[in-house]
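Each chain is listed here by its residues.
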Amino acid sequence: MAARELSLRGWTPIVMDKGRGVGGRMATRRMGAARVDHGAQYFTARDPRFRSHLEAWCARGAARIRQDAAPGTIPAIRYIGLPTMTGVAKNLAAPLSPHLKRRALRVDFDGDTWTVSCEENESYRARWLLLTPPLPQALALLDASGVPLPTADRGELGRITYEKCLAVMATLTGPSRLPEPGWLRLEDPEPLALVADNQRKGVSPVPAVTLHSGPEFAHDRYDAPADEKIAPLVAAAEPYIGASIGEVQVHGWRFAKPKSLFASDHYCHSPLQLALAGDAFGGGRVEGAALSGIAAAEVIIQHSRASS
Ligand SMILES: Cc1cc2nc3c(=O)[nH]c(=O)nc-3n(C[C@H](O)[C@H](O)[C@H](O)COP(=O)(O)OP(=O)(O)OC[C@H]3O[C@@H](n4cnc5c(N)ncnc54)[C@H](O)[C@@H]3O)c2cc1C
């Protein structure tokens, strides 16, 4: 969102991501013929600024309204990406030609220009650096590179920690037994917080479910052998599965959702031409992350105008 905003305002942002594809926690995995959304399941658009983007994405076929509120969830208009949750990010990124499989290992500022160094001795240079990984990862990169943030700012940013989540993905030999509308948030989220049917969501052509753990279970089992993560979640989901399981995989989200938020929708330190954005700033959701990206882009544009 930040790069798109900068690009619309005449800048030429260089977008890098360590992933094989774009989307981050809006993630989809293929398992044979199945496709499984294993990160964010849907997103809201409560803010009118974000809603206007959504209308454009819906018109372009990159997102649609999800009509089916699950029992017990807060009534809200929910959206999903098309054909999967990565659809929105792919649509946004296409004109920006992102550099994928590029993990930033070190960032250096010479007083005028940033150099971002990646694996295999590749580097990129730019006047401003905008970091949007989960905040602890962004701070780890700055710390490892010896970037001197003001002590009070570093302290405030460093207080934000994240909940973990374990996502189990399973293909099924037949349709799931999930009640309408095909996804469920459990009242007691431990060990199992969510069960979702990817076939009924329209993501997968064959039956496949996503199970999300609660944060306590994820914290306790994060580094346990795969079976100790999978078996309790599958057992808890058994009443909703109703078919034999084919392939099963587990993914750990070390930084699933921020436990608290930074006081502003972005962070900017103009002497270093540095900004930070993401869900720790705008709210621990897709919408908040998107709004944070837009805010950071606007601030970068303002500062660079003021200094020229
Ligand atoms: C299991 C789960 C369920 C969720 N459910 C929902 C939901 O239903 N609704 C909702 O609104 N939100 C949900 N969320 C939260 C939502 O996914 C996030 O708030 C949002 O996607 C965050 O976006 P972001 O751009 O801030 O960060 P991310 O999506 O995490 O993007 C950060 C990007 O930075 C890249 N990166 C990190 N380090 C480096 C590096 N060193 N070099 C290069 N690239 C790097 C990563 O590859 C990633 O692509 C869920 C999250 C999880 C994990």
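Please read these numbers as outputs of a predicted model, since none were measured by experiment. (Residues numbered from 1 in each chain as written. Predicted model: local features only at pLDDT ≥ 70, side-chain atom pairs only at ≥ 80, totals over all residues. Heavy atoms only, no water.)

### Things to note about the sheet that holds strand β4 (residues 63-66)
- The three strands lie next to each other as β3-β5-β4, forming an open sheet whose pairing is antiparallel. The sheet terminates laterally at β3 (43-44) and β4, the two strands that pair on one side only.
- Where β3 and strand β5 (residues 78-81) come together, two bridges link them in antiparallel fashion. For Phe43, the partnering residue across the bridge sits in β5 and is Tyr79. (Pairing = 2+ DSSP bridges. Helix = DSSP H or I, 4+ residues; strand = E, 2+ residues; numbered from the N terminus.)

### A few points about the environment of Arg254
- Tracing the sequence through the fold places Arg254 in strand β14 (residues 245-258).
- Note on Arg254: relative accessible area 40%, which makes it partly exposed.
- Separated by 120 residues in sequence, Arg254 and Pro134 have C-alpha atoms that sit 9.5 Å apart.
- Non-local contacts of Arg254, meaning those with residues more than four positions away in its chain, are made with Tyr162, Glu163, Lys164, Tyr222 and Asp223. (Buried < 20%, exposed > 50% of the residue type's maximum accessible area, 1.4 Å probe, protein only. Contact = heavy atoms within 4.5 Å.)

### Quick notes on unusual backbone geometry
- Omega for the peptide link from Leu82 to Pro83 comes to 0°, which places this bond in the cis form.
- Topologically, Pro83 is positioned in the loop between β5 and α3 (87-93).
- Here the residue pair Glu180 and Pro181 is connected by a cis peptide bond, since its omega of 10° sits within 30 degrees of zero.
- By secondary structure assignment, the location of Pro181 is in the loop between β10 (162-172) and β11 (183-185).
- The phi angle at Ser97 is positive, at roughly 40°, despite the residue not being glycine.
- Within the fold, Ser97 resides in the loop between α3 and β6 (104-109).
- Look at Ser97 and you get exposed, because its relative accessible area is 51%.
- Backbone geometry places Gln273, a non-glycine residue, at a positive phi of 50°.

### Quick look at the packing of helix α4 (residues 135-144) against helix α5 (residues 151-158)
- Packing of α4 against α5 leaves a shortest axis separation of 10 Å and a crossing angle of 145°. Contacts from Leu135, Leu139 and Asp143 in α4 reach Arg154, Leu157 and Gly158 in α5.
- Across the contact of α4 with α5, the residue classes break down as three nonpolar, one polar and two charged. (Axes fitted to C-alpha atoms, helices over the stretch in contact; angles between N-to-C directions. Nonpolar A, V, L, I, M, F, W, Y, C, P; charged D, E, K, R; others polar.)

### Focus on helix α2 (residues 48-59)
- Taking 1.5 Å per residue, 12 residues should reach 16 Å; α2 reaches 17 Å between its end C-alpha atoms and fits that length.
- Taken together, the buried positions of α2 are occupied by Phe50, His53, Leu54 and Trp57. Take α2 and look down its axis: the buried residues cluster within an arc of 105°, on one side only. Exposed residues on α2 whose side chains face more than 90 degrees from its buried face are Pro48, Glu55 and Ala59.
- For α2, the secondary structure elements touched by its buried residues are α1 (2-8), β3, β4, β5, α3 and α10 (286-307).
- The opening residue of α2, the one whose side-chain oxygen lies 2.7 Å from the backbone nitrogen of Arg49, is Asp47.
- Remark: Gly61 follows α2 within two positions and exhibits a positive phi of approximately 80°. (Expected span 1.5 Å × (residues − 1). Arc of directions from axis to C-beta. Polar contact = N/O pair within 3.5 Å; in protein donor to acceptor, adjacent residues only side chain to side chain.)

### Side note on the domain arrangement of the protein
- Each assigned domain of the protein is listed with its residue range as follows: domain 1 (1-15 + 102-158 + 260-308) and domain 2 (162-258).
- The partner domain 2 presents five residues to the nine residues of domain 1 that form the contact.
- Buried surface at the junction of domain 1 and domain 2, summed over both partners, amounts to about 530 Å²; 68% is from carbon and sulfur atoms.
- When the buried area of domain 1 at its contact with domain 2 is split by residue, Pro134, Pro136 and Asp279 rank highest and sum to 50% of it.
- Linking domain 1 to domain 2 there are zero salt bridges.
- Counting residues per element, the ones that place at least two in the side of domain 1 that touches domain 2 are α4 and α9 (279-282).
- At three residues, α4 tops the list of elements feeding residues into the side of domain 1 that touches domain 2. (Domains from an automatic or database assignment. Buried area = accessible area lost by both parts, 1.4 Å probe. Salt bridge = Lys/Arg side-chain N within 4 Å of Asp/Glu carboxyl O.)

### Observations regarding the site of the ligand
- Taken together, 30 residues lie near the ligand, and Asp17, Arg25, Tyr42, Ala104 and Asp279 sit nearest.
- With respect to the ligand, the side chain of Arg25 contributes an N or O atom lying 2.7 Å from an oxygen atom.
- When isolated, the ligand has an accessible area of 1000 Å², and the protein chains bury 88% of it.
- Counting only elements with at least two residues in the shell around the ligand, the list comes to β14 and α10.
- Considering each element in turn, the shell around the ligand owes the most residues, three residues, to β14.
- Class assignment of the residues belonging to the shell around the ligand gives a composition of 11 nonpolar, 10 polar and nine charged.
- Inspection of the shell around the ligand shows a minimum of three residues originating in each of domain 1 (1-15 + 102-158 + 260-308) and domain 2 (162-258). (Near = heavy atom within 4 Å. Areas by Shrake-Rupley, 256 points an atom, 1.4 Å probe, with all protein chains shown as cover.)

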